[in-house]
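Spelled out from the first residue to the last, the chains are:
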Amino acid sequence: MTDLEMTRLCAEAMGFKPVSTTTGETAVLCAAMGGLKHDFYFDPLHNDAQLMALVKKFPILDLNRAMVERVAKMQAAKAVQP
C-alpha cells in the first residue's frame, strides 16, 4: 500500500471526503465540511496536528506510551555515552 493510499484511507476514517489525489505526493485534497469554507489538504505523514487527531480518534492509546518510552530510552542512552 502506498503512502497516498494510506493517507486517503485515513482521511475517510476521519470522516473526510477525499476529492482529489496527486500521484507522487502524500497529501489528499478533502472537501470542505463541518463549518470549513474551503477544501483542505489532509497529510498526517507530514502534519503533526492531523496525525495526533487521527491517533486520538481511535483507541490507539498504547501509541502515546510507546512514543514516550522510546524518547526516554534515547535520552537515557545519550546521557550514558562518553
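Residues numbered from 1 in each chain as written. Predicted model: local features only at pLDDT ≥ 70, side-chain atom pairs only at ≥ 80, totals over all residues. Heavy atoms only, no water.

### Focus: the pattern of salt bridges
Pairs can form between side chains of opposite charge whenever their charged atoms are close. Selection rule: Basic side-chain nitrogens of Lys or Arg form a salt bridge, by our definition, when they fall within 4 Å of a carboxyl oxygen of Asp or Glu. What counts as a helix is a DSSP run of H or I of at least four residues, what counts as a strand is a run of E of at least two, and both are numbered from the N terminus. We call a residue buried when its accessible area falls under 20% of the maximum for its residue type, exposed when it is over 50%, and partly exposed in between, using a 1.4 Å probe and counting protein chains only.
Taken as a whole and assessed by the stated rule, the structure comprises 2 salt bridges. One salt bridge in this structure joins Glu12 and Arg8, with 3.0 Å as the shortest N-O distance. With Glu12 and Arg8 both in helix H1 (residues 3–13) and 4 residues apart, the pair spans about one turn of that helix. The class of Glu12 is partly exposed, set by a relative accessible area of 39%. Between Lys73 and Glu69 there is a salt bridge whose closest N-O contact spans 3.1 Å. Of this pair, Lys73 and Glu69 both sit in helix H3 (residues 62–80), 4 residues apart, which is roughly one turn of that helix.

### Things to note about the sheet that holds strand E1 (residues 18–21)
The pairing of strands in a sheet comes from backbone hydrogen bonds and takes either a parallel or an antiparallel form. Under the convention used in this document: Any two strands with at least two DSSP-identified bridges between them are counted as paired. Axis definition: a line fitted to C-alpha atoms, limited for helices to the stretch in contact. Angles are taken between N-to-C directions and run from 0 to 180 degrees.
An order of E1-E2-E3 is seen for the 3 strands of this open sheet, with the pairing classed as antiparallel. Each end of this open sheet is capped by a strand with a single partner; those strands are E1 and strand E3 (40–42). When strand polarity is set aside, the average angle formed by the axes of neighbouring strands in this sheet is 35 degrees. When strand E2 (residues 28–30) meets E3, the two strands line up antiparallel, connected through 3 bridges. Of the residues in E3, the one forming a bridge with Val28 is Phe42.

### Quick word on H1
Since the α-helix advances by 3.6 residues per turn, residues separated by three or four positions end up pointing in the same direction. Note the following rule: As used here, the arc is the angular range of directions from the helix axis to the C-beta atoms. The contact criterion used throughout is that any non-hydrogen atoms of two residues lie within 4.5 Å.
Taken together, the buried positions of H1 are Leu4, Thr7 and Ala11. What you see down the axis of H1 is that its buried residues fit within an arc of 60 degrees, all on one side. On its buried face, H1 is in contact with E1, E2 and E3.

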